[in-house]
Structures are given as C-alpha cells and as structure tokens.
Amino acid sequence: MTLEDLRKRIDAIDEQILKLLSERAAVVQEIGQLKLREGLDFHAPQREEEILERLTQQNPGPFPETAVRSVYREIISACRSLEHPLGVAYLGPRATFTHLACLKRFGDGAEFLPVRSIRDVFLEVEKGKVEYGVVPIENSTEGVVSHTLDMFVDSDLKICGEILLEVSHHLLSKSGEKGAIEKIYSHPHAIAQSRRWLEANVPHVPVLEVASTAAAAEIASREPAAAAIASELAARLYGLTIVSARIEDAVNNFTRFLIVGRKPAPRTGHDKTSILFSIKDRIGALYRMLLQDEGLGVPLLRGLRGARRRRAGPRGAGPARGAVPLPQGARLLPQREAARPVPLGETMVRPLSALASPHLLSLRPYSPGKPIEEVERELGLTGPAKLASNENPLGPSPLAVKAIREAAAGVHRYPDGGGSALKARLAARLGVPPAQIALGNGSNELLDLAARIFLQPGDEAVMARPAFIIYRMACQALGAVPVEVPCRAHVHDLEAMAAAVTARTKLIFVGNPNNPTGTAVQPAALEAFVRRLPPELLLVLDEAYWEFLPEGERPPSLDWVREGRRCFVLRTFSKIYGLAGLRVGYGVGPPELIDLLDRLRAPFNVNAVAQAAAAAALEDDAHVSRTLAATAEGRLALAAGLAALGVPAVPSAANFLLVDVRRDGAAVADALLKRGVIVRPMGAYGLPTHLRITVGTPPENARALEALRAAFAA
C-alpha cells in the first residue's frame, strides 16, 4: 500500500470521526433541553469523569492513554458549550498555572474569566457571574496557600472538586538564545522553585520578581534581552521560544487547585471530605478535637519517630492502613449554639505568657553589649571604648563604604531575594557552586534556621561548654535538648563530644575559633572528628572568626562540603570585614540543605545595602590584611598588659581575649563601664569571674588596661 493510499484511509476515518462528533453534539443539545425543562444542573462533573475513566479503560491502543483523556476532555467541553456556556473564574492573567488547571479540568470550550486575586474568584462565583471558580490551595514545595484558606472562613461557597497539576517551569525568551539574556522575570514562587538551576546556569543574570509568570512572559515578549520563567502555554500565547525546558529544581512539583461553586457536588462514592475549623493554640487541643467523644471521632495513626516520610506522588496518597471511613450522611461537627458574648467582668483574661510556648518561657533574652550612645547618655561620658562585641576597631572596608553610598539610592526597591550577585562573588572566591551557598541576616540567622529545620522536642544537639550561647538558645526554643560537653583547657573536647552522640542526636555545633574562649582545635584533630561522625548527623561548623586563624591552622572545612559530607560551614562579614551593623553572613553546605534553608528563611532576609557592601568588602584584601596585623599586635599588647596586672588570658586565635579577673566579673565590668570601657561579663556562659575583652585600637587597649588597674585599686 502506497503513502497516498494510507493518506486516503486517514481522510476517510477523519470524515467518519467528524460525522460521529456531530451526532454526539446533537444528542448533547437534546440533553440540554431536557435539563432546562426539569431544572437540572447543566454541568455534571461526576458524569464527565465517568466517561473519561470508561474510555481510558476501554482504549485498545495504540492511541496513548493520556491522549484519550486530553482529546475527550475537549470533546466534552465543546459539546457542553452547546448545552449551556459554562463560566469559570480563575486567578489570572492568561497562561498562569491556574489557567492551565482550568483547561485541564474544563477544556477549551468553557468561558474563562481571569481575575486579579483569589478574593475576586470567590466574589465572581458568589455574585453568580460564573458557575465555578478555580483557586490554588497547596503546592508540594511551597506549601499551603493561606489566602484561599482565609476565604473559606467568610464564604459560603462549596468545594466541588479538585485539580492536581504538575508544575513545569521553562526559561522563555524572544530569541531563544541563552547568551542574549540580560535579565529574567518571574513570579517569586517560580523563582524559588528554580533557584538552583538559575544559580548553576545563569549565575550573573539578575532575576526580577513580577506579579505572575504570565506577566513575566508578556514583558519578555516586549524586551528582546529579557527572559521569563513561565509555562509552555505562555510561550505559545506570547510568541516566545523555550530556551531551557523543565528548569524546576524539584521533581514531582505539583499544585493542587480547588473548584468552588454555590452548590455542593453530587456524591459519586469516590469523594473526599474537607473540614475547616479553628481551635485555641493549646498543647493537645487538636488531638482532643479529633478523638474525644464530642469531637470528630477520627482515628490517628502514630508515626514512627525519625522514620523517613514518603512524599505523595502525583495521584496523592492512598488510603491509610487502618483508617475508618467517615459516614457520608452524618454531620461531622455537631451544631452548636451561638456563642454568648461574655462581659469582661465575668471572665479573667489569661496573661500572654500562659498562651506562649513553654519552651520559650525557659529562655532568657540574649544580652548584647551596650551601645556607645546608651553609655554616653546614662553616664555622661564622651567617646567610651566599646570592647564588648568583637567588632572591627578599624571600621568597615573602604570599598564597602563606597558600595553602601551607591546602593543607598536604590533602597526603595526590594533586594535580590536570592542574593545572586553576592553568591556569585562568594562562589568564585570559595570554589563552590552558588547552589551550595546560603545567605543570612548574619550567620546567627543561619544557625537558628538549621536548628528549626532539624530539631523537634526531645531531639538532642551536642555542643561545647562554654560555646556561643545562641546554640543552646536555638535548641531550647524548640524543646530540644542541648547536650553541653565541657571544654578541656578551654578547647573543644572532640573525643567527649563524639562520645556524647546518641540515637537522638540531630546536630553538632562546633565553633572554631570558639566564642567566648577564642581557642581553636588543630586541623588534623577536627578532620578526624568529622570523619568519625555518623553520616546521618549534620555538623554545624561556626567559623565566624575563621579569617583570624593563621593559614597553617585553618582546617579544610570547605573540602568536606565538596566531598558531600553533611557539614554546614558558617562565616560572617561582621568581624574581619567590619560590617556588623549590616548583618550579613553566609553558609556553605550540601545543595539539599541549602534548599531546605531557602524554604524556611524569610523573603529578602539580607537587605540590598548589606549585599552590595559584602560583595565589595570581599574584594578588599588590603583592609583584611590591615585588620589581621592590627589584631595580632593588639592581642599581644593587651595580653602582656593583663599579665602585668595578674590577670591571666586564655591564648586566643580570634580578635578577643577571655580573662579571669578572679572576682565578681559583673562587678568589675560595671566598674570599667563607669570609666568609659565597655566589656562583656561572662556569667551567662557559666564563667562568673571572667570577662571577654575585644582587641581594640592601641589607645582603646591602653584605656582598658588603665581602667582595669584603677578598678582593682578602688
């Protein structure tokens, strides 16, 4: 049989299909007239789903199963429009993922109404302008859409169905050439879900946030040097070319959408029940609501602690083993009488502390060093020497100051949420990809985020004593147990710390050099410790003072990250670079860890001025050299002066000294304060007779020694 013969057969089959489609459409019109006479709903989603399931199961092949659903979805949609035009409101504009979800569920024959907000979707349905609305409810990587939940509290609309849509992001541009892209636009969620790909493939291209992926595509269609992260539908609608397909970082990236309407959907026997209720924030409140006799009577499955949780696939989770089906007809929540207003005189309002987490109540606030301005105001002093917070006495890098002035003109704009320019500078200097770098509002924020990601009540974190007090506070705030291992001769006892690891241990904190002792462990000892740790633990290696270490005493910590070890190396711009007031730090770790941090960290956590200053300071090697020289010289002079006063100092590798004044440290610190010298007493670290003194300029060091001499003589 020739090609021409085969094409004639195709033509004949198409004519037959077209004739059958016309017959089907005529029958649908008769159904529409019948529904109109009997007052029935024109849209029967359960019937449409039954048709699709039946045809999919009966498909003999070789026509693809997925194509059967797609083709018949459009056939059903076109026939339905003859019966009665179906109106559907969605979160627009066109070519958003909500638009794609609408097409997947209702087909192209529906009349779609794009609106500007989730609230507007609900309003259009409530006013009767459309039969249904489609809103996002949750994403597998970004979590719940709180705006949708909020709308259900005030709305009487019903959930009539759901749509599960796989979300794929594509890099689109007019030319289709990656090298021609000078900036990239997209919605913040799409940017967040593609961050690792962007950092690895276009690290120097600025990424700008806009209201939607469709808006990004529209901009890219007008700007030749611009690109957009958006859907394949957006590429078709806006005449763009796909530069790179499926650039999202996570596989199985799905968004669930809800279909809302004024009438409840008929039961099919394969339904889901959604329950929305609120309870007071008390321990055990949800448990009691679900299990007590007056509650819902829903059995809970107890998960094994520490077991790996299985992620739901695209079809959602299957039925839980042992789950009891809820009765279809019964009310799940009993009708309750309207709450009676309670006059203020009839009840006692509990204090806020009674509502707070009990873990939080066990904490004492972190006590920072007194600012210079406060000391001047309280004591009437002029120009006190602040030697309490381990700041750089030489001030910030001159290059950073210049960058600050230039960046100040743009502070009306939000900063780059991903810190791409600063990450690129750090990546080039450190020899790691940007996808392994996290930026923080100081390294302190990254410490806290690591704890929040991995620690739950009852978990353990191993740390030295004394060590940076935030390690312990981060654990206690979460109900986790800080396992503090005493230092040996003021140095981390790595052998004892390794022995303290149990089945409950999730994190190990090591400060190197350590704050407040200033001591460092030998690189070989630390490397042996790292290689001895169980592979499932995360080592948080706090290297805030790393630059002050002599080169021969710096451990190869970044090499451990490159090897794929679970090590999170933290550094900061507050100390050696003199940018403490801007709060910017960074961490280097496995890409999986950085992804988890990005999910939890606050948007725009590092401000634009801080990013610009840090990027400039990173290149100022001359300022770093001056700081190292001044610190080494001042540390020796300060230690010698203290020894002459009979005050021993712990040998330090950092920019401060821990000294034992052999009397009440807080009282001595107060006496120094009255003489214009601010130091840090160490009672909170379990060292009641110790002070921590930052190495200052030569005049500041001399002033501190003289004040200490006078305090001892008083």
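Predicted, not measured: the structure shown is a model, and the values here were computed from it.

K.L.:
Hey, could you run me through the sheet that holds strand 22 (residues 680-681) in this one?
P.N.:
Adjacent strands of a sheet form backbone hydrogen bonds with each other and so pair up, either parallel or antiparallel. An order of 20-23-22 is seen for the 3 strands of this open sheet, with the pairing classed as antiparallel. Across the chains shown, the open sheet's two edge strands, defined by having one partner strand only, are strand 20 (656-660) and strand 22. Bridge count for strand 20 against strand 23 (residues 690-694) is 5 bridges, and the pairing is antiparallel. When the bridges of strand 23 are listed, D660 appears paired with H690. The strands touched by helix 25 (residues 665-674) within the sheet are strand 22 and strand 23, with strand 23 carrying the most contacts at an inclination of about 40°.

K.L.:
Explain the packing of aromatic side chains to me, please; I cannot follow it from the model alone.
P.N.:
Describing an aromatic ring pair means giving the distance of the ring centres and the angle of the ring planes. Tallied over the full model, the rule gives 9 aromatic pairs. Aromatic pair Y471 and F509: ring centres 4.9 Å apart, planes at 10°, arrangement stacked. In this pair, Y471 sits in helix 18 (residues 469-477) while F509 sits in strand 16 (residues 505-511), placing the two residues 38 residues apart along the sequence. Like Y471, the residue F509 is buried in the burial classification. Positioned over the ring face of F106 is R105, at 5.5 Å from the centre of the ring. Between the NZ or CZ atom of R692 and the centre of the ring of F656, over which it lies, the distance is 5.7 Å.

K.L.:
Looking at this model, I keep getting lost on the nonpolar core. Mind explaining?
P.N.:
Across soluble globular proteins, you tend to see nonpolar side chains buried next to one another. Ranked by internal contacts, the top residues of the largest apolar core, which has 53 residues, are L426, I508, L526, F529, F573 and L579. With 6 residues, the top contributor of residues to this core is helix 23 (residues 608-617). I470, C487, M682 and L687 belong to the second largest nonpolar core, which has 34 residues in total.

K.L.:
Teacher, can you tell me more about the sheet that holds strand 17 (residues 538-542) here?
P.N.:
Sheet architecture is open: 7 strands sit in the order 13-19-18-17-16-14-15, paired in mixed fashion. For this open sheet the edge positions go to strand 13 (437-440) and strand 15 (481-486), each flanked by a neighbour on one side alone. When strand polarity is set aside, the average angle formed by the axes of neighbouring strands in this sheet is 25°. Across the sheet, helix 17 (residues 443-454) is in contact with strand 13, strand 16, strand 17, strand 18 (567-572) and strand 19 (585-588); its angle to strand 18 comes to roughly 155°.

K.L.:
Please clarify how the environment of R262 should be interpreted in this entry.
P.N.:
Following the sequence through the fold, R262 ends up in the loop between strand 11 (254-261) and helix 11 (285-291). Given the relative accessible area of 40%, R262 is considered partly exposed. Residues R262 and C160, 102 residues apart in the sequence, show an inter-C-alpha distance of 8.8 Å. With residues up to four places along the chain from it excluded, the contact list for R262 reads V125, E126, G128, V130, E131, L157 and K158. Looking at R262, its side chain comes within polar contact range of the main-chain oxygen of V125, at 2.8 Å.

K.L.:
Would you take a moment to explain the pattern of salt bridges for this structure?
P.N.:
Any two side chains of opposite charge can pair, given that their charged atoms come close. A complete count under the given rule lists 28 salt bridges for this structure. Residue K127 is joined to E124 by a salt bridge in which the shortest nitrogen-to-oxygen separation is 3.8 Å. With a closest N to O distance of 3.8 Å, D595 and R196 form a salt bridge. Taken together, the residues D595 in helix 22 (residues 591-600) and R196 in helix 8 (residues 195-201) connect sequence positions 399 residues apart. Taken together, the salt bridges that share partners define one network made up of E527, R531, E563 and R565.

Here is what the cut-offs are and how they apply
- All residue numbers refer to position in the chain's written sequence, counted from 1.
- Confidence filtering applies because this is a predicted model: local features only for residues at pLDDT of at least 70, side-chain atom pairs given and counted only at 80 or more, and all residues used for totals across whole chains, interfaces and linings.
- The side-chain values count all of the structure's non-hydrogen atoms but skip hydrogen atoms and water molecules.
- Pairing between strands requires that DSSP locate at least two bridges from one strand to the other.
- Helix and strand labels come from DSSP, where a helix needs a run of H or I of at least four residues and a strand needs a run of E of at least two; each type is numbered from the N terminus.
- Any two residues whose heavy atoms approach within 4.5 Å at even a single point are treated as in contact.
- Interaxial angles span 0 to 180 degrees and are taken between N-to-C directions of axes, which are lines fitted to C-alpha atoms, for helices over the stretch in contact.
- Pairing of aromatic rings covers Phe, Tyr and the six-membered ring of Trp, with a centre-to-centre limit of 6.5 Å; geometry is then stacked below 30 degrees between planes, edge-to-face above 60, and tilted otherwise.
- Relative accessibility under 20% of the residue-type maximum defines a buried residue, over 50% an exposed one, and the middle range a partly exposed one, all with a 1.4 Å probe and only protein chains included.
- In our convention, an over-ring charge means Lys NZ or Arg CZ found within 6 Å of a ring centre and within 35 degrees of that ring's normal.
- In this text, buried Ala, Val, Leu, Ile, Met, Phe, Trp, Tyr and Cys residues form a nonpolar core when linked through side-chain atoms within 4.5 Å.
- Contacts described as polar in this section are N or O atom pairs within 3.5 Å, which, within protein, must combine one atom able to donate a hydrogen with one able to accept it, while residues neighboring in sequence count only if both atoms come from side chains.
- Whenever Lys or Arg places a side-chain nitrogen within 4 Å of a carboxyl oxygen from Asp or Glu, that contact is recorded as a salt bridge.

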